[in-house]
Amino acid sequence: MLYEVIGVVRPHKGISEIKEIVRAAGHLILKEGGVVRGLTNWGTFYLPKPTRRQGITHAEGHYFILRFDSSPKTQHSVRKVLKLDPRMIRFSVVGMGSTLEEIKNISGHADFMGKKALSDE
């Protein structure tokens, strides 16, 4: 099944934190027989509302998208790893499809917040 992780990491610590988090998740996916399709770095933006994590209130975060194919068990393990990482502010894992017909046109790159949809109008 194809999954997409939308993650928000604490800002102002540099891109190295995102690389470390994605590397750990990617290593887990590959170890369990999954495939990493792509990573998209969206940059730093304000959060919809201030979020408290690890005793600190965050007003902004660094967003990234990670797309991967794996089993549901592996996806659950990725959720667990991200939940336990203190550098993560928020994340969401979304199933993009389970059949080849559903996912054949989905690339590894995630366009910035509907940019492609706006240009299609």
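For the protein chain, the name recorded in an unreviewed UniProt entry is Small ribosomal subunit protein bS6m, with Dissoconium aciculare CBS 342.82 as its organism.

Caption draft 1: A look at the nonpolar core. Core analysis: the largest hydrophobic core is formed by 16 residues, its most contacted members being Val5, Phe64, Leu66, Phe68 and Val78. At the level of elements, β1 (2-9), α1 (15-31), β3 (56-69), α2 (72-84) and β4 (88-97) are the ones that each hand at least two residues to this core. Element by element, the count of residues in this core is highest for α1, at six residues. Excluding anything up to four places from it in sequence, valine 78 contacts Val5, Ala25, Leu28, Ile29 and Phe68. In this structure, Val8, Trp42, Leu47 and Ile89 belong to the second largest nonpolar core, which totals six residues.

Caption draft 2: Summary view of unusual backbone geometry. Even without a glycine there, the phi angle at glutamine 54 is positive, about 55°. Relative to the helices and strands, glutamine 54 resides in the loop between β2 (35-53) and β3.

Caption draft 3: The packing of α1 against α2, seen in detail. In the contact formed by α1 and α2, the axes pass within 10 Å of each other and the chain directions differ by 155°. On the basis of their axis angle, the class for α1 and α2 is roughly antiparallel. In terms of crossing hand, the pair formed by α1 and α2 is right-handed. Contacts between α1 and α2 pair Ile21, Ala25, Leu28 and Ile29 from the former with Thr74, Ser77, Val78, Val81 and Leu82 from the latter.

Quick notes on the rules
Residues numbered from 1 in each chain as written. Predicted model: local features only at pLDDT ≥ 70, side-chain atom pairs only at ≥ 80, totals over all residues. Heavy atoms only, no water. Core = buried A, V, L, I, M, F, W, Y, C linked by side-chain atoms within 4.5 Å. Buried < 20%, exposed > 50% of the residue type's maximum accessible area, 1.4 Å probe, protein only. Helix = DSSP H or I, 4+ residues; strand = E, 2+ residues; numbered from the N terminus. Contact = heavy atoms within 4.5 Å. Axes fitted to C-alpha atoms, helices over the stretch in contact; angles between N-to-C directions. Parallel < 35°, antiparallel > 145°, perpendicular 65-115°, else oblique. Left-handed = near helix turned anticlockwise from the far one by under 90°.

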